[in-house]
Amino acid sequence: MLKNLFSKLPNQGKTIFAIMSELANQYKAIDLSRGFPDFDVNEELVKLYCKFLKKGYNQYAPVNGILELREKIAEKTEAAYQSTYNPDTEITITGGATEAIFAAITTFVRENDEVIIFEPAYDLYTPAVKVNGGIPVYIEMTPPHYSFNWDQVQKSITANTRMIIINSPHNPTGNVLSAWDIERLKKLVNGTNILILSDEVYENILFDGFEHESIILHPELKTRSIIVNSFGKTFHATGWRMGYILAQKELMNEFRKVHQYSMYTVNTPAQYALSEYMTNYKNYHELVDFFQQKRDLFTNLLSGSKLEIIKTKGTYFQNVCYKQLSEEGDFEFASRLVREYKIASIPVSYFYKGKNDYKILRFCFAKNDETLKRGAEILCALK
Ligand code: GLN
């Protein structure tokens, strides 16, 4: 037996996504926990993937991704945000947003660097910072508004602050950064060397006329920022593990040094398929209406329940407070919902370092209407 095995993440358990999904499978529950669609990828995209598999595009792609796909991303970014990224030097295809985020943090966060993280936080940020010897510094967001507390950020900035991680639309809260938030951020980082890691994987999923305040829209922020995006979220293909990263040349140079060893290259036929699929802009724009309809359906159905809905502004997650139904802790309550009522959600306390329990559950509505209806029926019957 090995003795004194040193762990880089001594207190880290299984991710809450795996815990709840496994529980959902075990009890054959309706799974509204993990953020993935239960409907299929567009048939045209599947056909394109098959086409490139059959055409023999099955060997390593270039290390930064195929140029055709990087050019498509540059065109799409220019069209959406009137901002230029050079496909050759400022865009890299990654193994999903997860690899992009992990490699970006590994690239830039050094021993004892402080990284500001808003919590509840997507569960990857903290372990990625810690594995690299960095120190997470948390800014708490609280229900029902989950505002970004910039005064607290200001107080938390020190000479050791290396990076601020932002995520908008925000998982798990469904809040989005406003123009005012961006102005505060600009003022806070102005004159510093702080980097911004901007996780924008839900950039196309905003509701009720809210607009995505991408970092890309702000030249003074863009130069210090690494922007992460995901084809999995945008094209309902989370299992393909396809994402990309945008950053100005000097930052990208450094990122690529790490990415070439963490991933080497990304799935070749998927890159060709996405590149051809992206020729049609319609494939992006349809997304907003598609998910608005799903969010409205789910929240309307839930209005007859005892759950208090914290209306989501973006992402495909809906948070609800269950205080009227139970005093139990959120993990306990979520687990009981799976076991006794066959419906799975994510207890939001798991996204706080201190497991802060506001009695909130996160439900994913990237599901077929039938699934949502069956799920809402169960939730409405809870007494
Ligand atoms: N991003 C998705 C979510 O928030 C899935 C994450 C995962 O399975 N690791 O649910």
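Structure first, text after, so check above.
Per chain, residues are indexed from 1 in the order of the written sequence. Local features in a predicted model are, by the rule used here, given only for residues with pLDDT of at least 70; side-chain atom pairs are given and counted only at 80 or more, and totals for whole chains, interfaces and linings are based on all residues. The basis for every side-chain value is the complete set of non-hydrogen atoms in the structure, without hydrogens or water.

A few points about the environment of Leu48
Next, step 1: In DSSP terms, a helix is any run of H or I states spanning at least four residues, a strand is any run of E spanning at least two, and both are numbered starting from the N terminus. With respect to the helices and strands, Leu48 occurs in helix 2 (residues 43–54).
Next, step 2: Contacts are assigned to residue pairs that have any heavy atoms within 4.5 Å of one another. What Leu48 contacts, discounting residues up to four positions off in sequence, is Ala273, Glu276 and Tyr277.

A few points about the sheet that holds strand 10 (residues 317–321)
Next, step 1: If you walk across this open sheet you meet the four strands as 9-10-13-12, and the pairing is antiparallel. One side of each edge strand has no neighbouring strand; the edge strands of this open sheet are strand 9 (308–310) and strand 12 (346–347).
Next, step 2: For two strands to count as paired, DSSP must find a minimum of two bridges between them. In terms of strand pairing, strand 9 meets strand 10 through three bridges, oriented antiparallel. Across the sheet, residue Ile310 finds its bridge partner in strand 10, namely Asn319.
Next, step 3: Axis geometry follows a simple rule: fit a line to the C-alpha atoms, using only the stretch in contact for helices, then measure angles between N-to-C directions, giving values from 0 to 180 degrees. Running at roughly 45° to strand 13 (residues 360–364), helix 13 (residues 330–341) makes contact with strand 12 and strand 13 of the sheet.

Comments concerning the pattern of salt bridges
Next, step 1: Here a salt bridge means any side-chain nitrogen of Lys or Arg lying within 4 Å of a carboxyl oxygen belonging to Asp or Glu. What the rule picks out here adds up to 17 salt bridges.
Next, step 2: The partner of Asp357 in a salt bridge is Lys359, and the shortest N-O contact between them spans 3.6 Å.
Next, step 3: Partly exposed residues are those whose accessible area sits between 20% and 50% of the maximum for their type, while under 20% is buried and over 50% is exposed, using a 1.4 Å probe and protein chains only. Exposure remark for Lys359: the relative accessible area of 14% places this residue in the buried category.
Next, step 4: Three or more residues joined by partner-sharing salt bridges are found here, namely Arg110, Asp113 and Arg162.

Side note on the site of the ligand
Next, step 1: Lining the immediate environment of the ligand, one finds Phe17, Arg34, Gly35, Tyr122, Asn171, Tyr202, Lys233, Phe317 and Arg362.
Next, step 2: With respect to the ligand, the backbone of Gly35 contributes an N or O atom lying 2.6 Å from an oxygen atom.
Next, step 3: Two N or O atoms form a polar contact when they lie within 3.5 Å of each other; inside protein one atom must be a possible hydrogen donor and the other a possible acceptor, and for residues adjacent in sequence the pair counts only when both atoms belong to side chains. Asn171 places a side-chain nitrogen or oxygen 2.8 Å from an oxygen atom of the ligand.
Next, step 4: Calculation of accessible area relied on Shrake-Rupley with a 1.4 Å probe; when residues are assessed, cover is drawn exclusively from the protein chains displayed. If the ligand stood free it would expose 300 Å²; the protein chains cover 80% of that surface.
Next, step 5: Gly counts as polar in this scheme, as do all residues outside two lists: the nonpolar Ala, Val, Leu, Ile, Met, Phe, Trp, Tyr, Cys and Pro, and the charged Asp, Glu, Lys and Arg. Residue classes in the shell around the ligand are distributed as four nonpolar, two polar and three charged. Think of it this way: one heavy atom of a residue within 4 Å of a molecule or strand is enough to make that residue near it.

Examining the pairing of strand 4 (residues 135–140)
Next, step 1: Relative to strand 4, strand 3 (residues 114–119) runs parallel, the two being bridged by six bridges. Looking at strand 4, one finds that Glu119 is bridged to Glu140.
Next, step 2: Here a crossover is taken to be right-handed if, once the strands point away from the viewer, the path from the first strand over the helix to the second is traced clockwise. Regarding topology, helix 5 (residues 125–131) serves as the crossover connection from strand 3 to the parallel strand 4, and that connection is right-handed.

Here we look at the side chain of Ser168
Next, step 1: With respect to the helices, strands and loops of the structure, Ser168 is situated in the loop between strand 5 (161–167) and helix 7 (179–189).
Next, step 2: Using a relative accessible area of 3% as the deciding quantity, one classes Ser168 as buried.
Next, step 3: One polar contact links the side chain of Ser168 to the main-chain amide nitrogen of Leu177, over a distance of 2.8 Å.

A short note on the sheet that holds strand 6 (residues 195–199)
Next, step 1: Judged by pairing direction, the sheet is mixed, and its seven strands sit side by side in the order 2-8-7-6-5-3-4 without closing on themselves. In the strand order of this sheet, the two ends are held by strand 2 (91–94) and strand 4, each with one partner. Pairs of neighbouring strands in the sheet enclose a mean axial angle of 20°, with direction left out of account.
Next, step 2: Relative to the sheet, helix 3 (residues 67–81) contacts strand 2, strand 7 (225–230) and strand 8 (243–247), its axis offset from that of strand 2 by approximately 115°.
Next, step 3: On top of the sheet, helix 4 (residues 96–108) reaches strand 2, strand 5, strand 6, strand 7 and strand 8; it is set at about 160° to strand 7, its chief contact.

Some remarks on a negative patch on the surface
Next, step 1: Patch rule: a residue counts if its relative accessible area is over 30% and it has no salt bridge; like charges are joined within 9 Å, and nonpolar side chains (Val, Leu, Ile, Met, Phe, Trp, Tyr) within 5 Å. The positive count covers Lys and Arg only, the negative count covers Asp and Glu only, and His and the chain ends enter neither. One atom stands in for each charge, and that atom is NZ of Lys, CZ of Arg, CG of Asp or CD of Glu. On the surface, Glu68, Glu71, Glu75 and Asp88 cluster together into a patch of negative charge.
Next, step 2: You can see Glu68 is positioned in helix 3.
Next, step 3: The exposure class assigned to Glu68 is partly exposed, which follows from its relative accessible area of 36%.

Thoughts on the environment of Ile139
Next, step 1: Along the chain, Ile139 falls in strand 4.
Next, step 2: Owing to a relative accessible area of 0%, Ile139 belongs among the buried residues under this scheme.
Next, step 3: Distance in space between the C-alpha atoms of Ile139 and Lys28 is 37 Å, their sequence separation being 111 residues.
Next, step 4: Residues within four places of Ile139 in sequence aside, it is in contact with Ile116, Ile117, Phe118, Glu119, Asn149, Gln152, Val153 and Ser156.

What to know about unusual backbone geometry
Next, step 1: In this model, Glu119 is joined to Pro120 through a cis peptide bond whose omega is 15°.
Next, step 2: With respect to the helices, strands and loops of the structure, Pro120 is situated in the loop between strand 3 and helix 5.
Next, step 3: Residue Asn171 is joined to Pro172 through a cis peptide bond whose omega torsion reads 15°.
Next, step 4: Examined against the element boundaries, Pro172 turns out to sit in the loop between strand 5 and helix 7.
Next, step 5: You will see that Arg241, though not glycine, has its phi angle at about 55°, which is positive.
Next, step 6: By relative accessible area, which is 40% here, Arg241 ends up partly exposed.

Comments concerning the packing of aromatic side chains
Next, step 1: Here the aromatic set is Phe, Tyr and Trp, taking the six-membered ring for Trp, and pairing holds for ring centres within 6.5 Å; pairs whose planes are under 30 degrees apart are stacked, those over 60 apart are edge-to-face, and all others are tilted. In the structure shown here, the tally under the stated rule is 25 aromatic pairs.
Next, step 2: A centroid spacing of 4.5 Å and a plane angle of 80° characterise the contact between Tyr49 and Trp240, whose relative ring orientation is edge-to-face. Residue Tyr49 is located in helix 2, and its partner Trp240 is located in the loop between helix 9 (231–234) and strand 8; the two are separated by 191 residues in the primary sequence. With respect to burial, Tyr49 and Trp240 carry one shared label: buried.

Observations concerning helix 2
Next, step 1: A helix is expected to reach a length of 1.5 Å times the quantity of its residues less one. The terminal C-alpha atoms of helix 2, which comprises twelve residues, lie 16 Å apart, in line with the 16 Å expected from a rise of 1.5 Å per residue.
Next, step 2: By the burial criterion, the buried members of helix 2 are Leu45, Leu48, Tyr49 and Phe52. With its buried residues spanning 100° around the axis, helix 2 presents them on a single face. Turned more than 90 degrees away from the buried face of helix 2, the exposed residues are Glu43, Lys47 and Lys54.
Next, step 3: Check the buried side of helix 2 and you find it contacts helix 11 (268–277).
Next, step 4: The backbone nitrogen of Glu44 lies 2.8 Å from a side-chain oxygen of the residue at the head of helix 2, namely Asn42.
Next, step 5: Gly56 sits one or two positions beyond helix 2 and adopts a positive phi of about 90°. The arc under discussion is defined with respect to the helix axis, by the directions toward the C-beta atoms.

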